[in-house]
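Chain by chain, the residues run as shown.
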Amino acid sequence: MDEQTPGTPSDAPAPQGPTLFDWEFATDPYPAYAWLREHSPVHRTRLPSGVEAWLVTRYADARQALADQRLSKNPAHHAEPAHAKGKTGIPGERKAELMTHLLNIDPPDHTRLRRLVSKAFTPRRVAEFTPRVQELTDHLIDGFAAKGEADLIHEFAFPLPIYAICEMLGVPREDQDDFRDWAGMMIRHGGGPRGGVARSVKQMRTYLGELIHRKRDDLGNDLISDLIRATDHGDHLTETEATAMAFILLFAGFETTVNLIGNGVHSLFMNPDQRALLQASLAAGESALLATGIEELLRYDGPVELATWRFATEPLTLGGQEVAAGDPVLVVLAAADRDPDRFADPDTLDLSRTDNQHLGYGHGIHYCLGAPLARLEGQTALATLLTRLPDLELAIPPQELRWRGGLIMRGLRTLPVRFTPRNT
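By convention here, each chain's residues receive numbers from 1 onward along its written sequence. Where totals are concerned, whole chains, interfaces and linings use all residues; where local detail is concerned, this predicted model gives features only for residues with pLDDT of at least 70, and gives and counts side-chain atom pairs only at 80 or more. Note: side-chain values were computed over all heavy atoms of the structure, leaving out hydrogens and water.

Colleague: What should I look at first to understand the overall build of the protein chain in this one?
Modeller: Put simply, DSSP marks the helices as runs of H or I at least four residues long and the strands as runs of E at least two long, and each gets a number from the N terminus on. Along its length, the protein chain carries 17 helices and 12 strands. Here the term buried applies to any residue with accessible area under 20% of the maximum for its type, exposed to any over 50%, and partly exposed to those in between, with areas from a 1.4 Å probe on protein chains only. Looking at the protein chain as a whole, 56% of its 424 residues qualify as buried.

As C-alpha cells, this is what we get:
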C-alpha cells in the first residue's frame with residue numbers, strides 16, 4: 001500500500017511505513033500519522049477504494065493545501081476514468097443530481113452559492129436556535145436517564161443533530177424519523193455497501209425536492225424557506241441548487257456532530273483529570289473552559305479525519321513533493337492537528353489550550369459553514385451530560401470499542417455507558 005518515501009536514495013532501504021486504513025489503524029491512527037509527518041509528509045498511497053491519492057499530514061502543508069485554489073473541489077478534474085469518480089464523493093450524489101453544493105464546486109460558482117446560502121444560514125439563526133438545542137438535548141437524556149445505561153451514539157449523539165438540522169431546515173416533525181432512517185444508513189456505510197447509501201441519498205433528494213416545491217407556495221420561518229428567499233443582485237438559488245444545499249447541510253451537518261459528541265465523551269473518559277476540571281468548571285457556572293474545551297476536543301480527536309477530496313488542476317509542489325495535474329489530494333486534518341511544529345504537547349488533551357488554530361473545520365473559502373451550529377450542539381451536549389449524569393462512565397473496557405471504517409469521518413460505532421439512574 002505504501003510506496004518508497006520521497007527523497008529516499010534509490011540504493012538505500014526505504015523506512016518501513018505503517019499500514020493504513022485497516023481496522024487496527026482505525027482504532028488509533030495517530031502513531032501512523034506521526035510516522036508520515038516525519039518520514040513522508042506528502043505521501044502517495046492506494047486507498048481501500050483502489051483510488052491513488054496524496055495524503056498531506058503536516059500542519060503548514062495542510063493549511064497551504066486547504067487554501068490553494070489550484071486544488072479544485074470539482075471531481076471533473078480527477079485524472080482517472082469516469083467510473084472511478086464515483087469512488088471519491090458521497091455515494092449516489094451524481095445520479096441524484098446533488099453535485100451543485102459547496103463541497104463540489106470552485107469559484108466563481110462557489111462564491112455565488114456560498115454568498116446566497118450565508119444569507120440564510122446566519123450566526124443569528126444559530127443563536128436563536130440555542131434554546132431548542134437545549135430542549136432536544138434534555139428530551140433525549142430524559143429518554144434513558146432512568147435506565148442507568150445507554151448507548152450514547154445511537155440514543156443521544158446521533159438523533160440530536162438529525163432532529164436539530166431537520167427542525168432548522170423546516171422538515172415537518174412527522175417526516176423527521178424518515179430522515180433519521182436515511183441518515184442511519186449513511187452513518188453505517190463505512191466498510192459496508194455503498195448501494196444502500198446511494199438509495200438513501202436518492203430518497204432524501206426526492207423528499208427535499210418535493211418539500212422545496214411545496215414551500216415555494218407557503219414560505220415559513222425555516223432554513224429552506226430562507227434558501228428560497230435568498231437573493232443577491234437579482235440572483236437566486238435554482239431549485240436544484242436549493243435541493244443540493246439542503247442535502248449537504250443535512251449530510252455534512254449531522255455526522256460531524258455525532259462524532260464530535262462521541263469522540264469528545266470518549267476523550268474525556270480517557271483523560272479523567274481533564275474531565276474533572278470541566279465538571280468542576282460547569283458546577284461553578286463557568287463557561288470559559290467549555291468554550292476552549294470544545295476546540296481542544298476538535299483538535300485532539302476531531303470528527304473529520306480527512307478533509308473532503310481535492311484535485312490538482314495543474315502540476316504543483318506541495319511539501320517538496322511534485323503533484324501532477326488530475327491527482328487527488330487528501331488533507332489529513334487529524335495528522336495536521338497533532339503536528340508538534342504547531343502545537344505544544346500535541347498528544348496531550350488540554351481543555352484550557354488557547355493557542356489552538358486547529359483545522360477541524362477546514363481553512364480558507366471552504367471553511368465549514370455549519371461550524372457554529374456544530375459547536376453549539378457539542379457544547380450543549382457535553383455540558384448537559386456531565387451536569388445531569390455526573391458519574392457517567394464507560395460500560396465496557398476501552399479496547400472493546402469499535403470505530404467505524406471509512407475515509408473522511410472518524411467516529412465510534414457505539415459508546416455504551418452506565419450511570420446512577422435518575423428520574424426525569
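Anyway, onward from the coordinates.
Colleague: Hey, could you run me through the sheet that holds strand 2 (residues 52-56) in this one?
Modeller: Strand pairing in a sheet relies on backbone hydrogen bonds, with the paired strands running either antiparallel or parallel. Taken in spatial order, the five strands line up as 1-2-10-7-3 in an open sheet, and their pairing is mixed. Of all the strands in the sheet, just strand 1 (42-46) and strand 3 (71-72) have a single pairing partner and so form its edges. Sheet topology note: the strand 2/strand 10 (residues 328-331) ladder contains three bridges and is parallel. Bridge pairing links W54 to V329 in strand 10. Each of strand 1, strand 2, strand 3, strand 7 (310-312) and strand 10 touches helix 3 (residues 59-67); the most contacted strand, strand 10, lies at about 125° to it. Strand pairing requires that DSSP identify at least two bridges connecting the strands. Any two residues having at least one pair of non-hydrogen atoms within 4.5 Å are treated as being in contact. Angular values range over 0 to 180 degrees, each being the angle between N-to-C directions of two axes fitted as lines to C-alpha atoms, with helices fitted over their stretch in contact.

Colleague: In this structure, what is going on with the nonpolar core? I would like to understand it.
Modeller: Nonpolar side chains in soluble globular proteins generally cluster together in the buried interior. The term nonpolar core refers to a set of buried residues drawn from Ala, Val, Leu, Ile, Met, Phe, Trp, Tyr and Cys, joined through side-chain atoms within 4.5 Å. One finds L152, F156, F179, V265 and L415 to be the most contacted residues of the largest nonpolar core, which totals 92 residues. Per element, the largest residue contribution to this core is 15 residues, and it comes from helix 13 (residues 239-270). Each residue touching F179, except ones within four places of it in the same chain, is listed here: I162, C166, V171, M204, Y207, L208 and L250. Ranked by size, the runner-up nonpolar core spans 41 residues in total, among them F21, Y59, V331 and F343.

Colleague: Would you mind showing me how to read the pattern of salt bridges here?
Modeller: Note on pairing: side chains with opposite charge can pair once their charged atoms come close. We define a salt bridge as a contact between a side-chain nitrogen of Lys or Arg and a carboxyl oxygen of Asp or Glu at a distance within 4 Å. Across all of its chains, the model carries 25 salt bridges by this definition. Among the ionic pairs, E295 bridges to R375, the shortest N-O distance being 2.5 Å. In this pair, E295 is assigned in helix 15 (residues 288-301) and R375 in helix 17 (residues 371-388), connecting sequence segments 80 residues apart. In terms of burial, E295 and R375 fall into one category: buried. The salt bridge involving D355 is made with R342; its shortest N-O contact spans 3.1 Å. Of this pair, D355 sits in the loop between helix 16 (333-336) and helix 17 while R342 sits in the loop between helix 16 and helix 17, and the two are 13 residues apart along the sequence. For R342, a relative accessible area of 22% translates into the label partly exposed. Within this structure, R44, R46, E52 and D327 form a network of salt bridges that share partners.

Colleague: What should I look at first to understand the packing of aromatic side chains in this one?
Modeller: Working definition: an aromatic ring pair is given by the centre-to-centre distance plus the angle between the planes. Stacked, edge-to-face and tilted labels apply to pairs of Phe, Tyr and Trp rings (six-membered ring for Trp) whose centres lie within 6.5 Å, assigned for plane angles under 30 degrees, over 60, and everything in between, in that order. Counted by the stated rule, this structure contains 10 aromatic pairs. Centre to centre, the rings of F25 and Y33 are 5.4 Å apart; their planes meet at 90°, and the pair counts as edge-to-face. Y33 matches F25 in its accessibility class, with the two residues each being buried. Each residue in the set F21, F25 and Y33 is aromatic and connected to the rest through ring pairs, giving one cluster. Two limits define a charge over a ring: the Lys NZ or Arg CZ must be within 6 Å of the ring centre, and within 35 degrees of the ring normal. The cationic tip of R338 hangs over the ring face of Y300; the distance from NZ or CZ to the ring centre is 4.2 Å. Sitting over the ring of F343, R342 keeps its end group 5.0 Å from the ring centre.

Colleague: Looking at this structure, I do not really get helix 2 (residues 30-39). What am I missing?
Modeller: One turn of an α-helix holds 3.6 residues; hence residues three or four places apart share an orientation. Within the sequence span of helix 2, burial applies to Y30, A32, Y33, W35, L36 and R37. Against helix 1 (23-27), strand 1, strand 2, helix 15 and helix 16 lie the buried residues of helix 2.

Colleague: Hey, could you run me through the sheet that holds strand 12 (residues 416-418) in this one?
Modeller: Read across the sheet, three strands follow the order 4-12-11 without closing on themselves; strand pairing throughout is antiparallel. Taken across any chain shown, the strands that pair with only one partner, and hence form the sheet edges, are strand 4 (149-151) and strand 11 (393-394). The pairing of strand 11 with strand 12 spans two bridges and is classified as antiparallel. Across the sheet, L394 pairs through a bridge with V417, a residue of strand 12.

Colleague: In this structure, what is going on with the pairing of strand 1? I would like to understand it.
Modeller: On a regular strand, one side chain projects to one face of the sheet and the next to the other, so that they alternate. In terms of strand pairing, strand 1 meets strand 2 through five bridges, oriented antiparallel. Residue pairing across strands places T45 opposite A53, the latter belonging to strand 2. Counting the residues between successive antiparallel strands, the hairpin from strand 1 to strand 2 contains five residues, one of them, G50, with a positive phi of roughly 100°.

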